[in-house]
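# Geometric and topological summary
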Amino acid sequence: MDADRTQRGDAGWARSRFDGSAVLVALGGRWTLAHARSLEETLGRVDTRGAKALRVDFGDVAAIDTGGAWLLHRQILRWQEAGAEIGLVRASHSQTALLDRMSIEGESRPSLARPSEGAIRELLIRTGEATVEIGREAYALLSFVGAVFSAWGRAWRRPGRIRLTSTVFHIERIGIDALPIMGLLAYLIGVVLAFQGADQLRQYGAEVFTINLLGVSILREIGVLITAIMVAGRTGSAFAAEIGTMKVNQEVDAMRTIGLDPMETLVMPRLFALAIALPLLVFFANAMALAGGATMVIVGLDLSLPQFFEQLASAVTFPTFLIGLIKAPVFAVLIGMVACYEGLKVSGSAESVGIHTTRSVVKSIFLVIVFDAGFSVFFSRIGL
Amino acid sequence: MSAPVIRVRGLVTRFGAQTIHDGVDLEVRRGEILAIVGGSGTGKSVLLRTILGLKAPEGGTVEVLGRNLAGLDDEARRPVLKRMGVLFQDGALFSARTVAQNIRLPFAEHTDLDHRLVTQLIRVKLAMVGLPQEAGAKIPAELSGGMRKRAGLARAIALDPDVLFLDEPTAGLDPIGAAKFDELIRDLQRALSLSVVMITHDVDTLCAIADRIAVLLDKKIVVGTLDEIRAYPHPWVREYFSGPRGRAAQTGHYEPDPDRKDA
């Protein structure tokens, strides 16, 4: 009889004893996950001399959990594969029950990872999917635009169904709440423009034309563009996230079952509110940007306020002012539509809300700039 | 008898001027299944959150496995957390990860086992909670409610905790699924010698697997066996057990479990 003593102490240990052809493997100590590494080694070192009959003795096992039981189960399987008969000795009812649970039912072991194709195939698949997705996306957005217009038509025929409270509430959020940040932003941009303009024009002794530069660029382009971008970031994202979260909570489904049209209750008030609030915000931003420019011009170029207005009046005509303002409702509808569309496209998870909120901001800013370029070309063609 | 796994002493919970718990005492013994019941708004979930250390109590002490979680810093809390498993109501699986990755998280956080062994253990846990191996590669959104609960349970028992917390384990399951889930909990509790604390509304669950019942009543708690609680003279308790659902549950298959005493 000889003993092969492996690890002892707190961690579990295993010891084999030979008695003729029968082998007894005595286990003891703590067979727990915390000792998994040493247990794995311990089991690897147990010498059975290829015995055909193995008895595993649980008498000294202080504790066993799933980790220990699994390692033991795995080892027992190996011994069985080597042709040994296994018997359990002095195992308590709960210990055998735990060991029994280790056999993973059915021998099939499908991968636990998400199935994946090869890298190149994956790349091709993704490219293809993305291409198809762009087409599908354009189609879906177009049909959403159609749905919005038909809802708009319905609203005209039955003005009583326009949600006035909701619209006013959104006007406050989009417009009034944005005044401080919008004002500050526009004012600073006015200052920057005037500063840079004056610097360049001074080289020709034409500082006074800084005011022309200010008037035209702010009223035609900068004011409306900055406001639209700000609103896309501030309000568009809020719309997409709000509607998206309602979608996740099944509130949108609940609305449909009650007979409320999400188009009418969620989308239209937001669009109306944007179409009203954005032009007003643009007007405010124009005024603030000019005020910023005026401050800079008066302080930096030693001009008086009346001189500033005189020069401004000579540089800017009413159509200039109108050209900037007329773009505002168009941008408003763009931002609102994209935001609501992305919000309604949210499905399932919190992650999806994030994705669609980001997309709504990126898309609406992109579309705003594309449309602005279109407007520029159009206005220059018709000679304005 | 060994020390209780959870000891709550004189717990006071307040939200503003509203007092939810006023001197709640509760002990959970090693190896028992304790069910917490109570009407809506009696603070079952808050009690659970307090025991888990997610919320600091306004008064009193909460000890889990002999340690007061509220008084520990993050580093000292970790070994205690490792010995607790929680199944939240809808599983609270991380939605961006697969089921297998969800179960792997506790291993990655608390152990330094090699990847292969953890994978094998994940397979064992999946089998233990009765999920097919294929479920491991799915993300939670692709699973049914019952499967999500099982997956959540697999994550909760990943590290063989001493205490398992269940928040309404059978809510949202059909009666057959609920009965199976009860059976699963009882089964696992025995196989892994768990102490289980669960919040439940389900009278069937109470009768089938709870060793003791704690009822939240009038800002206090009353603890006892099923028979003791049933005999407790309080209108809410009477209504709870004598309503049509309560009666059906008790005349149904209540099994007293002779071999439960050793745990």
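Use the structure listed above.
Residues numbered from 1 in each chain as written. Chains lettered and ligands numbered in written order. Predicted model: local features only at pLDDT ≥ 70, side-chain atom pairs only at ≥ 80, totals over all residues. Heavy atoms only, no water.

This paragraph deals with the overall build of chain B. Looking only at helices and strands, one finds ten helices and ten strands in chain B. A compact globule built from 263 residues would reach a C-alpha radius of gyration of about 18 Å, and chain B, at 18 Å, matches this within 12%. Projected onto its principal axes, the C-alpha coordinates of chain B cover approximately 55 × 45 × 40 Å. Looking at the 263 residues of chain B, the share that counts as buried comes to 54%. For chain B, the exposed surface amounts to about 11700 Å²; the carbon and sulfur share of it is 51%. The average position of the 35 basic charges and that of the 34 acidic charges among the side chains of chain B differ by 2 Å. (Helix = DSSP H or I, 4+ residues; strand = E, 2+ residues; numbered from the N terminus. Rg over C-alpha atoms; globule rule 2.2 N^0.38 Å. Buried < 20%, exposed > 50% of the residue type's maximum accessible area, 1.4 Å probe, protein only. Areas by Shrake-Rupley, 256 points an atom, 1.4 Å probe, with all protein chains shown as cover. Lys, Arg positive; Asp, Glu negative; His and termini not counted. Charge placed at Lys NZ, Arg CZ, Asp CG, Glu CD.)

Each helix and strand counted, chain A has twelve helices and five strands in total. Since a compact globule built from 384 residues should have a radius of gyration of about 21 Å, the 37 Å found for chain A marks it as more spread out than a globular shape. Over its C-alpha atoms, taken along the principal directions, chain A stretches across nearly 115 × 60 × 40 Å. Within the structure as shown, chain A displays about 20000 Å² of accessible surface, and the carbon and sulfur contribution to it stands at 63%. For chain A, the distance from the average position of its 36 positive side-chain charges to the average position of its 35 negative side-chain charges is 4 Å.

Below, the discussion takes up the nonpolar core. One finds L27(A), W31(A), L72(A), F107(B) and L153(B) to be the most contacted residues of the largest nonpolar core, which totals 86 residues. Per element, the largest residue contribution to this core is eight residues, and it comes from helix α4 (residues 115-128) of chain B. Excluding residues that lie within four positions of it along the chain, F107(B) makes contacts with L33(A), L113(B), V118(B), L121(B), A158(B) and L159(B). (Core = buried A, V, L, I, M, F, W, Y, C linked by side-chain atoms within 4.5 Å. Contact = heavy atoms within 4.5 Å.)

Two measures define how a pair of helices packs: the angle their axes make with one another and the distance between the axes. Residue and element names in this part refer to chain A. Viewed as axis vectors pointing N to C, helix α1 (residues 36-45) and helix α2 (residues 66-81) meet at an angle of 20°, and their least axial separation amounts to 10 Å. With respect to their mutual orientation, α1 and α2 come out roughly parallel. The crossing of α1 and α2 is right-handed. The residues of α2 that touch α1, namely those facing A36, L39, E40 and L43, are G68, L71, L72, R74 and Q75. Among the residues making up the contact of α1 with α2, the classes are represented as five nonpolar, two polar and two charged. (Axes fitted to C-alpha atoms, helices over the stretch in contact; angles between N-to-C directions. Parallel < 35°, antiparallel > 145°, perpendicular 65-115°, else oblique. Left-handed = near helix turned anticlockwise from the far one by under 90°. Nonpolar A, V, L, I, M, F, W, Y, C, P; charged D, E, K, R; others polar.)

All names here are of chain B. Judged by pairing direction, the sheet is mixed, and its six strands sit side by side in the order β6-β7-β8-β3-β9-β10 without closing on themselves. Both outer strands of the open sheet, β6 (84-87) and β10 (220-224), are each paired with one neighbouring strand and no more. For this sheet, the mean inter-axis angle between neighbouring strands, taken without regard to orientation, is 15°. Across four bridges, strand β3 (residues 33-37) lies against strand β9 (residues 212-217) in parallel orientation. For L34, the partnering residue across the bridge sits in β9 and is R212. Against the sheet, helix α1 (residues 44-51) touches β3, β7 (163-167), β8 (195-199), β9 and β10, its axis set at about 150° to β7. (Pairing = 2+ DSSP bridges.)

For the rest of this paragraph, the subject is the pattern of salt bridges. With the rule as written, the count across this model stands at 27 salt bridges over all chains. D57(A) is paired through a salt bridge with R90(A); the nearest N and O atoms lie 2.9 Å apart. Of this pair, D57(A) sits in strand β4 (residues 53-64) while R90(A) sits in the loop between β5 (85-89) and α3 (93-100), and the two are 33 residues apart along the sequence. For D57(A), a relative accessible area of 9% corresponds to the buried category. The partner of R230(B) in a salt bridge is D227(B), and the shortest N-O contact between them spans 2.6 Å. Of this pair, R230(B) and D227(B) both sit in helix α8 (residues 226-230), three residues apart, which is roughly one turn of the helix. (Salt bridge = Lys/Arg side-chain N within 4 Å of Asp/Glu carboxyl O.)

So, about the packing of helix α8 (residues 251-258) of chain A against helix α9 (residues 262-301) of chain A. All names here are of chain A. Orientation of α8 relative to α9, taken along the N-to-C sense of each, is 130°, at an axis distance of 9 Å. Viewed along their axes, α8 and α9 adopt a mutual orientation that is oblique. Seen from α8, the contacting residues are V252, M255 and R256; seen from α9, they are P262, T265 and L266. Classifying every residue of the contact of α8 with α9 by side-chain character gives four nonpolar, one polar and one charged.

Often, the extent of an interface is quoted as the loss of accessible area on bringing the components together. Between chain B and chain A, the residue contacts involve 35 residues of the former and 24 residues of the latter. Carbon and sulfur atoms make up 60% of the area that chain B and chain A hide from each other, which totals about 2500 Å². Taken as a group, R123(B), V124(B) and A137(B) account for 21% of the area that chain B buries against chain A, more than any other trio of residues on that side. Here D112(B) and R37(A) are joined by a salt bridge, their closest N and O atoms 3.8 Å apart. Going through the elements one at a time, α3 (99-110), α4 and α6 (175-191) of chain B are the ones with two or more residues in the side of chain B that touches chain A. Looking at which element gives the most residues to the side of chain B that touches chain A, the answer is α4(B), with twelve residues. Its residues placed into classes, the side of chain B that touches chain A shows 17 nonpolar, seven polar and eleven charged. (Buried area = accessible area lost by both parts, 1.4 Å probe.)

Here the focus is the sheet that holds strand β1 (residues 6-15) of chain B. Residue and element names in this part refer to chain B. Pairing in this open sheet of four strands is antiparallel, and the strands run β2-β1-β4-β5 from one edge to the other. In the strand order of this sheet, the two ends are held by β2 (18-28) and β5 (67-68), each with one partner. Here β1 runs beside β2; their pairing, made up of eight bridges, is antiparallel. Bridging across to β2, F15 finds its partner in Q18.

Below, the discussion takes up the pairing of strand β4 (residues 59-64) of chain B. Two faces, one strand: in a regular strand the side chains alternate between the faces of the sheet. Residue and element names in this part refer to chain B. Summarising the sheet, β1 and β4 pair through five bridges and their orientation is antiparallel. Paired with I6 across the strands is V64, a residue of β4. Pairing between β4 and β5: two bridges, direction antiparallel. Its bridge partner lying in β5, E63 is registered against N68. Where β4 folds back onto β5 in an antiparallel hairpin, the turn is made up of two residues, including L65, whose phi is positive at roughly 50°.

Another aspect to go through is helix α11 (residues 318-345) of chain A. Helix length check: α11(A), at 28 residues, gives a terminal C-alpha distance of 42 Å against a target of 40 Å (1.5 Å per residue), a fit within 8%. Counting buried residues along α11(A), 20 of its 28 residues qualify, which places the element largely inside the surrounding structure. (Expected span 1.5 Å × (residues − 1).)

Limitation: the analysis is restricted to geometry and does not speak to function.
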